[in-house]
Amino acid sequence: MSKTAILEIDGKKYEFPIVEGTENELAIDIKSLRGDTNGITTLDPGYKNTGSCESAITFLNGEEGILRYRGYSIEELAEKADFLEVAYLLIFGELPTKSQLEKFHNDIKAQSHVDEDVKKIIDGFPKSAHPMGVLSSLTSALVAFNPSSVNVDSEEEMYNAIVRILAKFPVLTAWAYRKRVGLPLDYGDDNLGYVENFLKMMFKKPSGEYVSNKVVVESLDKLLILHADHEQNCSTSTVRMVGSSHAGLFVSISAGIAALWGPLHGGANQAVIEMLEAIKEDGGDTKKFMAKAKDKDDPFRLMGFGHRVYKNFDPRAKIIKRSADNVLDALGIEDPVLDIAKGLEREALEDSYFVDRKLYPNVDFYSGIIYRALGIPVEMFTPMFALGRLPGWIAQWREMRLRKEPIGRPRQVYIGEKLRSFKDISNR
Ligand code: ACO
């Protein structure tokens, strides 16, 4: 028999169905609440208790530290799949066959050009512009150059918009970086794989060949997989919300990039490395910074620690920590901030403040150390996150459209002034 929940208000009882997910998650379906109760809503700032949708893409269990894309564990995907394979899985629901993957690659390659006029827009930015702002603007600007990607009514039009953004986004990301460091904008080489080509577009010097390094390509590929989706986080919810007005894929992604930029979300990877550097510069006294993080009068937080959903180890952090050791070893790099990071983690895991609040390292705690070892500068860390998250945003946007979800429009509880009369400026 299906479960229900009873809500009693002023002695009157209301019954609501309980929805059960495939992993036995339960949610009270309150779709009829306002109608049944004559206008009563729920209040849940930050949506800590609110499911915004039903989704078949990513399963996350924060208490047990589980993350799966379309039923496959993140550990297995990080070990056995490549980034485009995972992108296909997330977006279309199944691992691609050989021929499906080949077609997907080829369709993306066929769209890997960006209109030359986009370069004029890039020229208008100051060099000091943060690449996340540039990337968000350029992604939005892409709409003007690809108007057919806005109104997607058929599956075919949707597919075309998807391969377009997957193809052009790495170009824009690399160009945002090249603009910042004063390198001429470079088109990649379609003969290379997706990640290898991205690295070439980033780092090829005008005067020399780009020599690819297997360790670098594989490590970045793995990092992108680990970032590829994370169900209804801040940026993904933003993408779904913007997309719910049928505004189009590219602008929805552009809004997602803006949401990801903040230091409480994707911007944390940059904040972590800046924090670790600051601790190093200050003499490496991790205890002093632990005390600051615990002091409620001090705004300092241990960046890369804590997560809205994980109250256990972030499974991605475990993989990335191992990977950081391997990558630095393989590239022969000794980075003192890795030791500082490990020291902070050790102390935090034994400290009652962090233990009681279930604060563990999140995906960003070690990712910056790897990015840095791969030659990716700090201000590009969050754009790298965006590149990795792109398939997840696309998959969630596509699911929202295919399920014909209604426009996102939360309610509020108004706590402002009641009706009052306008005061003339001379009486204020
Ligand atoms: N350092 C010190 N204290 C912390 C930290 C931290 N990193 N994170 C949480 N806390 C404390 C809070 O002060 C609060 O303490 P209190 O109960 O005594 O008031 C308690 O732990 C709960 O924290 P909230 O902020 O209420 O948790 P919330 O779920 O709202 O926030 C967040 C989660 C934003 C990730 C938070 O842990 C944080 O700011 N972490 C640092 C930034 C970061 O690493 N962000 C990346 C997240 S992963 C991602 O987006 C990819």
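Here, the structure is the one placed above.
Description of the structure in this document. (Residues numbered from 1 in each chain as written. Predicted model: local features only at pLDDT ≥ 70, side-chain atom pairs only at ≥ 80, totals over all residues. Heavy atoms only, no water.)

1. Overview of the overall build of the protein
Piece 1. Within the protein, the regular secondary structure consists of 18 helices and six strands.
Piece 2. When its C-alpha atoms are laid out on the principal axes, the protein stretches across 75 × 65 × 55 Å.
Piece 3. Sequence-distant contacts, at least 24 apart, represent 70% of the contacts inside the protein between residues at least 6 apart.
Piece 4. Accessible area for the protein stands at about 21900 Å²; split by element, carbon and sulfur atoms hold 50% of it.
Piece 5. Positive and negative charge centroids in the protein, built from 55 and 62 side chains respectively, lie 4 Å apart. (Helix = DSSP H or I, 4+ residues; strand = E, 2+ residues; numbered from the N terminus. Contact = heavy atoms within 4.5 Å. Areas by Shrake-Rupley, 256 points an atom, 1.4 Å probe, with all protein chains shown as cover. Lys, Arg positive; Asp, Glu negative; His and termini not counted. Charge placed at Lys NZ, Arg CZ, Asp CG, Glu CD.)

2. Side note on the site of the ligand
Piece 1. Taken together, 21 residues lie near the ligand, and Lys296, Arg301, Leu302, Arg308 and Tyr353 sit nearest.
Piece 2. The contact in question runs from a nitrogen atom of the ligand to an N or O atom on the backbone of Phe305, over 2.9 Å.
Piece 3. Taking Arg308, its side chain carries an N or O atom lying 2.8 Å from an oxygen atom of the ligand.
Piece 4. Class assignment of the residues belonging to the shell around the ligand gives a composition of ten nonpolar, five polar and six charged. (Near = heavy atom within 4 Å. Polar contact = N/O pair within 3.5 Å; in protein donor to acceptor, adjacent residues only side chain to side chain. Nonpolar A, V, L, I, M, F, W, Y, C, P; charged D, E, K, R; others polar.)

3. What to know about the pattern of salt bridges
Piece 1. All chains considered together, the criterion is met by 24 salt bridges.
Piece 2. Residues Arg68 and Glu23 are paired through a salt bridge, measuring 2.9 Å at the closest nitrogen-oxygen approach. Highlighted residues: Arg68 in strand S5 (residues 66-69) and Glu23 in the loop between strand S2 (12-20) and strand S3 (26-28), separated in sequence by 45 residues.
Piece 3. Given the relative accessible area of 22%, Arg68 is considered partly exposed.
Piece 4. Where Lys287 meets Glu347, a salt bridge forms, and the shortest distance between an N and an O atom there is 4.0 Å. With Lys287 in helix H13 (residues 286-294) and Glu347 in helix H15 (residues 336-349), this residue pair connects regions lying 60 residues apart in the sequence.
Piece 5. What emerges from the salt-bridge pattern is a single network uniting Glu54, Arg240, Glu399, Arg403 and Glu405. (Salt bridge = Lys/Arg side-chain N within 4 Å of Asp/Glu carboxyl O. Buried < 20%, exposed > 50% of the residue type's maximum accessible area, 1.4 Å probe, protein only.)

4. A look at helix H4 (residues 98-109)
Piece 1. The first and last C-alpha atoms of H4 sit 17 Å apart over twelve residues, in line with the 16 Å expected at 1.5 Å per residue.
Piece 2. Where H4 is buried, its residues meet helix H3 (83-92), helix H7 (155-181) and helix H8 (194-203). (Expected span 1.5 Å × (residues − 1).)

5. Quick notes on the packing of helix H14 (residues 315-331) against helix H17 (residues 364-373)
Piece 1. With their axes 9 Å apart at the nearest point, H14 and H17 run at an angle of 25 degrees to one another. Relative to H17, the element H14 is oriented roughly parallel. The way H14 lies across H17 gives a crossing that is left-handed. Between H14 and H17, the contacting residues are Ala317, Ile320, Lys321, Ser323, Ala324, Val327, Leu328 and Leu331 on the first element and Tyr366, Ser367, Ile369, Ile370 and Ala373 on the second. (Axes fitted to C-alpha atoms, helices over the stretch in contact; angles between N-to-C directions. Parallel < 35°, antiparallel > 145°, perpendicular 65-115°, else oblique. Left-handed = near helix turned anticlockwise from the far one by under 90°.)

6. Looking at the pairing of S2
Piece 1. Bridge count between strand S1 (residues 4-9) and S2: six bridges; the pairing is antiparallel. Within the sheet, the bridge partner assigned to Ile6 lies in S2 and is Glu15.
Piece 2. Note that S2 and S3 share three bridges and pair antiparallel. Counted as the bridge partner of Val19 is Ala27 from S3. (Pairing = 2+ DSSP bridges.)

7. A short note on the side chain of Arg316
Piece 1. Note on placement: Arg316 falls in helix H14.
Piece 2. Separated by 2.8 Å, the side chains of Arg316 and Asp314 make a polar contact.
Piece 3. Beyond its immediate stretch of four places on either side in the chain, Arg316 contacts Leu67, Leu226, His230, His307, Tyr310, Val363 and Arg389.

8. Points about the sheet that holds S2
Piece 1. Overall, antiparallel pairing links the three strands, which are arranged S1-S2-S3 in an open sheet. In the strand order of this sheet, the two ends are held by S1 and S3, each with one partner. Direction aside, neighbouring strands of the sheet carry axes that sit 30 degrees apart on average.

9. Focus: a nonpolar patch on the surface
Piece 1. On the surface, a cluster of nonpolar side chains totalling about 360 Å² of accessible area is made up of Leu43, Val413 and Ile415.
Piece 2. Take Leu43: it is sitting in the loop between helix H1 (33-37) and strand S4 (58-61).
Piece 3. When its relative accessible area of 63% is taken as the criterion, Leu43 is described as exposed. (Patch = residues over 30% accessible without salt bridge, like charges linked within 9 Å, V, L, I, M, F, W, Y side chains within 5 Å.)

10. Things to note about the environment of Arg322
Piece 1. Mapped onto the secondary structure, Arg322 falls in helix H14.
Piece 2. In this structure the C-alpha to C-alpha distance between Arg322 and Tyr366, which are 44 residues apart in sequence, comes to 9.3 Å.

11. Re unusual backbone geometry
Piece 1. Positioned with a positive phi, Asp10 is a non-glycine residue whose angle comes to about 50 degrees.
Piece 2. Along the polypeptide, Asp10 turns up in the loop between S1 and S2.
Piece 3. Residue Asp10 is classed as exposed on the basis of its relative accessible area of 81%.
Piece 4. We note that Tyr47 has phi near 50 degrees; this positive angle belongs to a residue other than glycine.
Piece 5. With respect to the secondary-structure elements, Tyr47 resides in the loop between H1 and S4.

12. Some words on the nonpolar core
Piece 1. Core analysis: the biggest nonpolar cluster contains 114 residues, and Tyr69 and Leu220 have the highest contact counts within it.
Piece 2. Examining the composition of this core, we find that 15 residues originate from one element, H7, more than from any other.
Piece 3. Those residues in contact with Tyr69, other than ones at most four positions away along the chain, are Ile57, Thr58, Ile74, Leu77, Val86, Leu89, Leu90, Ile225, Leu226, His227, Ala228 and Asp229. (Core = buried A, V, L, I, M, F, W, Y, C linked by side-chain atoms within 4.5 Å.)

13. Points about the packing of aromatic side chains
Piece 1. Within this structure, the stated rule accounts for 14 aromatic pairs.
Piece 2. On the basis of an interplanar angle of 35 degrees and a centroid distance of 5.9 Å, the ring pair of Phe92 and Tyr159 is categorised as tilted. With Phe92 in helix H3 and Tyr159 in helix H7, this pair connects stretches of sequence that are 67 residues apart.
Piece 3. Here Phe92 falls in the partly exposed class, since its relative accessible area comes to 24%.
Piece 4. Residue classification places Tyr159 among the buried positions, given a relative accessible area of 19%.
Piece 5. The interplanar angle of 85 degrees and the centroid separation of 5.1 Å between the aromatic rings of Phe365 and Tyr366 together place this pair among those described as edge-to-face. Judged on exposure class, the residue Phe365 and its partner Tyr366 are both buried.
Piece 6. Ring pairing ties together the aromatic residues Phe305, Tyr353, Phe354, Phe365 and Tyr366, which thus form one cluster.
Piece 7. The ring of Tyr353 carries Arg357 above its face, with NZ or CZ at 3.9 Å from the centroid. (Phe/Tyr/Trp six-rings, centres within 6.5 Å; stacked < 30°, edge-to-face > 60°. Lys NZ or Arg CZ within 6 Å of the ring centre and 35° of its normal.)

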